[in-house]
Amino acid sequence: MRILIKGGRVIDPANHLDGAADVLIENGRIAEIGHGLAARGAQVIDARDCIVCPGLVDMHVHLRDPGQTHKEDLSSGTLAAVRGGVTSVACMANTDPPIDHPTVVEYVRSRAKQVGRARVYPVAAVTKGLRGEELSPIGSLAAAGVVALSDDGRPVMSAGLLRRAMAYARMFKLPIVSHCEDLTLSEGGVVNEGPIAAVLGLKGIPAIAEEVMVARDLLLAEDTGAHVHIAHVSTAGSVRLLREAKRRGVRVTAEVTPHHLALTEEALQGYDANFKVNPPLRSRGDVEALLEGLQDGTIDAIATDHAPHAIEEKLVEFDRAPFGVIGLETLLGVVFTVLVLPGHLSEVQAIRKLTVNPSRILGIPRGTLSPGAEADIVIIDPQREWTVTPEGLASKSKNSPFLGWRLRGKAVTTIVGGEIVYSDQGENSGFVEVPPTTGRDLCRDIEEVAQ
Ligand code: DOR
């Protein structure tokens, strides 16, 4: 089976490539990148006026499977992923039961193999039951093939326990993905602390609730030599702490979400719970600092924190609604519309933060078009305009903060392991859903990671 992608602008930050070229896929792998390629019998995809780059790697996704499959599951979540150009996701451990035991890892991997459209990399809980009291069996979770450790959704409040987790994480070469929130400072809060919270009559979560924990985790990482990855950075103070720590050589990486870049706390004025996230949407000044952090390399990756919640769960009083927004299908459109179009990031910078950087953080062999690599590719039409509507989203949940937005930039073809898993040919035309190929081993690479 051969696919020839002709005439696109190939951007592959891992190999410092940016220019017009053809890409030839053979037997599921990248065979060649060059000019005027021809291949007899190949399926030809015309990529004129499009960007051809590695499939996106979203290192922060809640797939809700097992246990909360009314919100999302491994099938709907990975379908949403490939429709957004995402070919690999790291799925968080706050499922029910949590991913704190090798049997749950095994469930996620085997189910993903059966029904997954994208590659699924499980993240394991740092502590049993995400309770923050006792470490998970980190060695056997590593052997089962997890790519990181995280209690995301909750912080590990005990510094002593986290320090021990870091010692193990380092031994097993796993990053700790840290949800930085001091619960004693954030308790009861639902929006950013400040004048807008006061006007809305809602309790605030102060920036310092995040920053205290970022500072603590940076010190612990320095102390233990472990790799700490700071999830969903949202404040100017966190960016400053990260910048200083990186300068000192601490093993730290960080991610920011599209919603923390595209929106501020002002979006909360209508009490719409589709803007309720943790950490909360912050101030204009924070957003500017996040942009600077992205530009100067302090923030390494853009990740969605895709957090599906059912409509009835969000349609309650603001205080009682769960935190979280979906993001897989709007990732590319928001990044191109909000970051690339206005010139905050170049296409190459944006794609680097969506491909090779998250792959390297997780230690997975993705995010590259190197010859011989498995062909995970997204073809992006950067000019394609489309409107975000609930009906247009494949995710089981519709809690997007971007409903009604007109975005420019869209995945038009997504390829995983050399198979076209999604192809969109027109404005909100629905999608061609390619059923998963049973038996295709999307988890094979996890085994490689585990070895
Ligand atoms: O908004 C959020 N939702 N933040 C988190 O950290 C967890 C997530 C969820 O699981 O719903």
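Residues numbered from 1 in each chain as written. Predicted model: local features only at pLDDT ≥ 70, side-chain atom pairs only at ≥ 80, totals over all residues. Heavy atoms only, no water.

Asker: Pulling in residues and values, what's your account of a nonpolar patch on the surface?
Answerer: A cluster of nonpolar side chains, namely Tyr 168, Met 171 and Phe 172, defines an oily patch on the protein surface of about 300 Å² accessible area. You can see Phe 172 is positioned in the loop between helix H4 (159-171) and strand E10 (176-178). (Patch = residues over 30% accessible without salt bridge, like charges linked within 9 Å, V, L, I, M, F, W, Y side chains within 5 Å. Areas by Shrake-Rupley, 256 points an atom, 1.4 Å probe, with all protein chains shown as cover. Salt bridge = Lys/Arg side-chain N within 4 Å of Asp/Glu carboxyl O. Helix = DSSP H or I, 4+ residues; strand = E, 2+ residues; numbered from the N terminus.)

Asker: Give me the lowdown on the packing of H4 against helix H7 (residues 207-224), citing residues and values where you can.
Answerer: Running from amino to carboxyl end, H4 crosses H7 at an angle of 45 degrees, the nearest separation of the two axes being 10 Å. Comparing their axes, H7 and H4 come out oblique. By crossing handedness, the relation of H4 to H7 is classed as right-handed. Contact with H4, carried on its side by Ala 159, Leu 162, Arg 163, Met 166 and Arg 170, involves Arg 216, Asp 217, Leu 220, Ala 221, Asp 223 and Thr 224 of H7 and no other residues of that element. Looking at the contact of H4 with H7 residue by residue, the classes come out as five nonpolar, one polar and five charged. (Axes fitted to C-alpha atoms, helices over the stretch in contact; angles between N-to-C directions. Parallel < 35°, antiparallel > 145°, perpendicular 65-115°, else oblique. Left-handed = near helix turned anticlockwise from the far one by under 90°. Contact = heavy atoms within 4.5 Å. Nonpolar A, V, L, I, M, F, W, Y, C, P; charged D, E, K, R; others polar.)

Asker: An account of the layout of surface pockets is requested, with residue identities and associated values reported.
Answerer: Approximately 480 Å³ is the volume found for the largest pocket. Class assignment of the residues belonging to the lining of the largest pocket gives a composition of nine nonpolar, 13 polar and seven charged. (1 Å grid on protein atoms, 1.4 Å probe; cavity = no way out; pocket = protein on both sides within 12 Å on 5 of 7 lines; lining within 4 Å. Points joined across faces, edges and corners; volume = space filled by probe spheres on them.)

Asker: Any chance you could break down the packing of aromatic side chains for me, citing the residues and the numbers?
Answerer: Throughout the structure, instances matching the rule amount to one aromatic pair. Consider the rings of Phe 402 and Trp 405, whose centres lie 4.8 Å apart with planes at 80 degrees: the pair is edge-to-face. Judged by relative accessible area, Phe 402 falls into the buried class, the value being 2%. Above the ring of Phe 318, the side-chain terminus of Lys 276 is found at 5.5 Å from the ring centroid. (Phe/Tyr/Trp six-rings, centres within 6.5 Å; stacked < 30°, edge-to-face > 60°. Buried < 20%, exposed > 50% of the residue type's maximum accessible area, 1.4 Å probe, protein only. Lys NZ or Arg CZ within 6 Å of the ring centre and 35° of its normal.)

Asker: Talk me through the pairing of strand E7 (residues 86-91); I want residue IDs and the actual numbers.
Answerer: The element E7 is extensively covered by neighbouring structure, given that six of its six residues are classed as buried. Handedness of the strand E6 (residues 56-61)-helix H1 (residues 74-83)-E7 crossover: right-handed. As judged from the four bridges shared by E7 and strand E8 (residues 119-124), these two strands associate in the parallel manner. Pairing of Val 89 across the sheet is with Val 120, part of E8. (Right-handed = clockwise from strand over helix to strand, strands pointing away. Pairing = 2+ DSSP bridges.)

Asker: Could you give an account of the packing of H1 against helix H2 (residues 102-115), naming the residues involved and the relevant values?
Answerer: Axis separation between H1 and H2 bottoms out at 9 Å; the angle between their running directions is 60 degrees. Crossing hand, H1 versus H2: right-handed. Contacts from Leu 74, Ser 75 and Thr 78 in H1 reach Tyr 107, Val 108, Arg 111, Ala 112 and Val 115 in H2.

Asker: Explain the pairing of strand E14 (residues 252-256) residue by residue, including any values.
Answerer: With respect to burial, E14 is a largely interior element, five of its five residues being buried. Neither face of E14 is left uncovered, since the one carrying Val 252, Ala 254 and Val 256 and the one carrying Thr 253 and Glu 255 both have all their residues buried. For the crossover from strand E13 (residues 228-230) across helix H8 (residues 236-248) to E14, the handedness is right-handed. Bridge analysis of E14 against strand E15 (residues 301-302) gives two bridges, and the strand direction is parallel. Note that in E15 the partner of Val 256 across the bridge is Ile 302.

Asker: Now, about H1: what can you tell me, with residues and values included?
Answerer: With nine of its ten residues buried, H1 lies for the most part within the structure. Residues Leu 74, Ser 76, Gly 77, Thr 78, Leu 79, Ala 80, Ala 81, Val 82 and Arg 83 constitute the buried set of H1. A distance of 2.9 Å separates the backbone nitrogen of Ser 75 from a side-chain oxygen at the start of H1, and that oxygen is part of Asp 73. Positive backbone phi, approximately 85 degrees, marks Gly 85, located one or two places after H1. (Polar contact = N/O pair within 3.5 Å; in protein donor to acceptor, adjacent residues only side chain to side chain.)

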